[in-house]
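# Working through the structure, step by step
As a plain string of letters, each chain reads:
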Amino acid sequence: MGDNRLQPLELDKDETEILRGWATRRSTAQGLALRARIVLECGEGRSNIAVAARVGVGRTTVTKWRTRFLRRRLDGLCDEPRPGVPRTITDAKVEEVVVRTLEEAPEGSTHWSKRELAKTVGISPTSVHRIWRAF
């Protein structure tokens, strides 16, 4: 049933319990649940093609998660950082916006406008608006 060209994937008792929990718990992210099901199927000695057919994904997806699991075990199944532009607004700047919004008022006004606060803090009005929506 297994493919002898594949590196065997053996799960210990604790890993199996954790993976079954991830695969069946309703609150688990669907991507992580799928990865857990893939690894559980691979742990039973099935080939990548057989696992792909049983789980309903492509063979390359099974190969990717089998390899990541073998390399990093359970940590390999978690999402890795995605590419993109790094953040330009620090946590300290976000904190400053929130604190000023909640604890201070501009001179001659009862509350901050996003443009006025942005000018005071040194970021764009759009960034102030995003921070306000988040908090």
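Residues numbered from 1 in each chain as written. Predicted model: local features only at pLDDT ≥ 70, side-chain atom pairs only at ≥ 80, totals over all residues. Heavy atoms only, no water.

## Section: the overall build of the chain
- A count of helical and extended segments in the chain gives seven helices and zero strands.
- Start at the N end of the chain and walk to the C end: the helices and strands fall as α-α-α-α-α-α-α.
- By the compact-globule yardstick of 14 Å for 135 residues, the chain is too spread out, its C-alpha radius of gyration being 24 Å.
- Across its three principal directions, the C-alpha atoms of the chain cover 80 × 25 × 25 Å.
- Every one of the 135 residues in the chain was classed for burial, and the buried ones make up 31%.
- In the chain, 45% of the contacts between residues at least 6 apart in sequence involve partners at least 24 apart.
- Averaging the coordinates of the 25 positive side-chain charges in the chain and doing the same for the 18 negative ones gives two points 8 Å apart. (Helix = DSSP H or I, 4+ residues; strand = E, 2+ residues; numbered from the N terminus. Rg over C-alpha atoms; globule rule 2.2 N^0.38 Å. Buried < 20%, exposed > 50% of the residue type's maximum accessible area, 1.4 Å probe, protein only. Contact = heavy atoms within 4.5 Å. Lys, Arg positive; Asp, Glu negative; His and termini not counted. Charge placed at Lys NZ, Arg CZ, Asp CG, Glu CD.)

## A few points about helix α6 (residues 114-121)
- Residues of α6 that are buried: L117, A118 and V121. The arc enclosing the buried residues of α6, seen along the axis, measures out at 100 degrees, which places them on a common side. Among the exposed residues of α6, those oriented more than 90 degrees off its buried face are R115 and K119.
- Where the residues of α6 are buried, they touch α5 (91-103) and α7 (125-134). (Arc of directions from axis to C-beta.)

## Overview of the nonpolar core
- With 17 residues, the main nonpolar core has L19, W22, F69 and L77 as its most contacted residues.
- Counting only elements with at least two residues in this core, the list comes to α1 (13-24), α2 (30-43), α3 (48-55) and α4 (59-72).
- Of the residues forming this core, the biggest block, six residues, is contributed by α2.
- Of all hydrophobic cores here, the second largest spans ten residues; its members include W112, L117, V128 and I131. (Core = buried A, V, L, I, M, F, W, Y, C linked by side-chain atoms within 4.5 Å.)

## Remarks on the side chain of R68
- For R68, the position within the fold is in helix α4.
- On the basis of relative accessibility, which here comes to 16%, the residue R68 falls in the buried class.
- Contact partners of R68, with chain neighbours within four places excluded, come to R73, G76, C78 and E80.

## Observations regarding the pattern of salt bridges
- Here the structure, examined in full by the defined rule, presents eight salt bridges.
- Residue R73 is joined to E15 by a salt bridge in which the shortest nitrogen-to-oxygen separation is 2.8 Å. Of this pair, R73 sits in the loop between α4 and α5 while E15 sits in helix α1, and the two are 58 residues apart along the sequence.
- Given a relative accessible area of 9%, E15 falls into the buried group.
- The partner of R87 in a salt bridge is D91, and the shortest N-O contact between them spans 2.9 Å.
- The class of R87 is exposed, set by a relative accessible area of 61%.
- For D91, a relative accessible area of 56% gives the class exposed.
- Here the salt bridges share partners, and the residues they tie into one network are E41, E44, R46 and R54. (Salt bridge = Lys/Arg side-chain N within 4 Å of Asp/Glu carboxyl O.)

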